[in-house]
Amino acid sequence: MKDLLIPPGPGCPRGLTVPAAELSEQFTHASGPGGQGVNTADSRVQLSLDLATTTLDERQRQRALQNLSERLTGTVLTVTAAEHRSQYRNRMAARERLAGLLRGALAPPVARRATKPTRGSQRRRLAAKRRRAELKTLRRRPPAE
């Protein structure tokens, strides 16, 4: 198995290489199509990476642990792939999925820039409030004479 390469991008400007020794693969029976070999071929792949011991700097590690917290078991990130009939294609799919998750988790959050509402949106909001107020006044009981 080769090293996992993550392309350069925000949060990881020079890219990232996860050594193959840090990745753990397990193979199990996959459900779904597979012909006669479906009961004998272990084509489902579970690819795991322990984020606590992997080759990330401390800032990247904290960001990954925080952003992937719902997907982690302890500090281990596990990805499963079973959509293909062949074990090799499932291995490649799991590696791509893991690289995509890490790429997204390492990207820093985009700072929101405050903007002012446009004049048109303000006019529409106030017009809608006037229509609503008028509708509610029409629902009132008529004044006693």
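Treat the numbers as computed from the prediction; the structure is a model and nothing was measured.

1. Notes on the overall build of the chain
Move 1: What the chain contains, in helices and strands, is three helices and six strands.
Move 2: Dimensions along the principal axes, computed over C-alpha positions, put the chain at roughly 90 × 45 × 30 Å.
Move 3: Counting over 145 residues, the chain shows a buried share of 26%.
Move 4: Side-chain charges in the chain split into 28 positive and 12 negative, and the spacing between the mean points of these groups amounts to 16 Å.

2. Considering the sheet that holds strand S4 (residues 44-50)
Move 1: The antiparallel open sheet is built from four strands, whose spatial order is S3-S4-S6-S5. Each of the sheet's edge strands pairs with one partner strand only, and the pair in question is strand S3 (23-28) and strand S5 (72-73).
Move 2: Note: S4 against strand S6 (residues 76-81), six bridges, orientation antiparallel. By the bridge assignment for S6, Ser 48 is matched with Thr 78.
Move 3: Set on the sheet, helix H2 (residues 87-106) makes contact with S3, S4 and S6; between it and S6 the angle comes to about 140°.

3. Some remarks on the confidence of the model for the chain
Move 1: On average, residues of the chain carry a pLDDT of 88, and 93% of them reach 70 or more.
Move 2: Averaged pLDDT values for the elements of the chain fall to 86 in strand S1 (residues 4-6) and rise to 97 in helix H3 (residues 119-139).

4. Notes on the pattern of salt bridges
Move 1: One pass over the structure, following the stated rule, counts three salt bridges.
Move 2: A salt bridge links Arg 91 to Glu 25; the nearest nitrogen and oxygen atoms lie 2.9 Å apart. Taken together, the residues span a long stretch of sequence, with Arg 91 in helix H2 and Glu 25 in strand S3 at a distance of 66 residues.
Move 3: A salt bridge links Arg 61 to Glu 58, with the nearest nitrogen and oxygen atoms 3.5 Å apart. Of this pair, Arg 61 and Glu 58 both sit in helix H1 (residues 58-67), separated by three residues, roughly a single helical turn.
Move 4: Assessed through its relative accessible area of 49%, Glu 58 is described here as partly exposed.

5. A short note on H2
The periodicity of an α-helix, 3.6 residues per turn, causes residues three or four positions apart to be oriented the same way.
Move 1: Over its 20 residues, H2 runs 28 Å from end to end, which matches the ideal 28 Å to within 8%, given 1.5 Å per residue.
Move 2: Taken as a whole, H2 has its buried residues at Asn 90, Ala 93, Ala 94, Arg 95, Leu 98, Ala 99, Leu 102, Arg 103, Ala 105 and Leu 106.
Move 3: Contacts from the buried residues of H2 go to S1, strand S2 (16-18), S3, S4, H1 and S6.
Move 4: Sitting at the amino-terminal end of H2 is Ser 86, which places a side-chain oxygen 3.4 Å from the backbone nitrogen of Tyr 88.

6. Brief notes about H1
Move 1: Inspection of H1 places Gln 60, Arg 61, Arg 63 and Ala 64 among the buried residues, and these make up the whole buried set. Considered in projection along H1, the buried side chains sweep an arc of 165° and stay on one side of the axis. Relative to its buried face, H1 has exposed residues pointing more than 90 degrees away, namely Arg 59 and Gln 66.
Move 2: Its buried side turned inward, H1 meets H2.
Move 3: Sitting at the amino-terminal end of H1 is Asp 57, which places a side-chain oxygen 3.2 Å from the backbone nitrogen of Arg 59.

Each value, and the rule that gives it
- Residues numbered from 1 in each chain as written.
- Predicted model: local features only at pLDDT ≥ 70, side-chain atom pairs only at ≥ 80, totals over all residues.
- Heavy atoms only, no water.
- Helix = DSSP H or I, 4+ residues; strand = E, 2+ residues; numbered from the N terminus.
- Buried < 20%, exposed > 50% of the residue type's maximum accessible area, 1.4 Å probe, protein only.
- Lys, Arg positive; Asp, Glu negative; His and termini not counted.
- Charge placed at Lys NZ, Arg CZ, Asp CG, Glu CD.
- Pairing = 2+ DSSP bridges.
- Contact = heavy atoms within 4.5 Å.
- Axes fitted to C-alpha atoms, helices over the stretch in contact; angles between N-to-C directions.
- pLDDT = per-residue confidence, 0-100.
- Salt bridge = Lys/Arg side-chain N within 4 Å of Asp/Glu carboxyl O.
- Expected span 1.5 Å × (residues − 1).
- Polar contact = N/O pair within 3.5 Å; in protein donor to acceptor, adjacent residues only side chain to side chain.
- Arc of directions from axis to C-beta.

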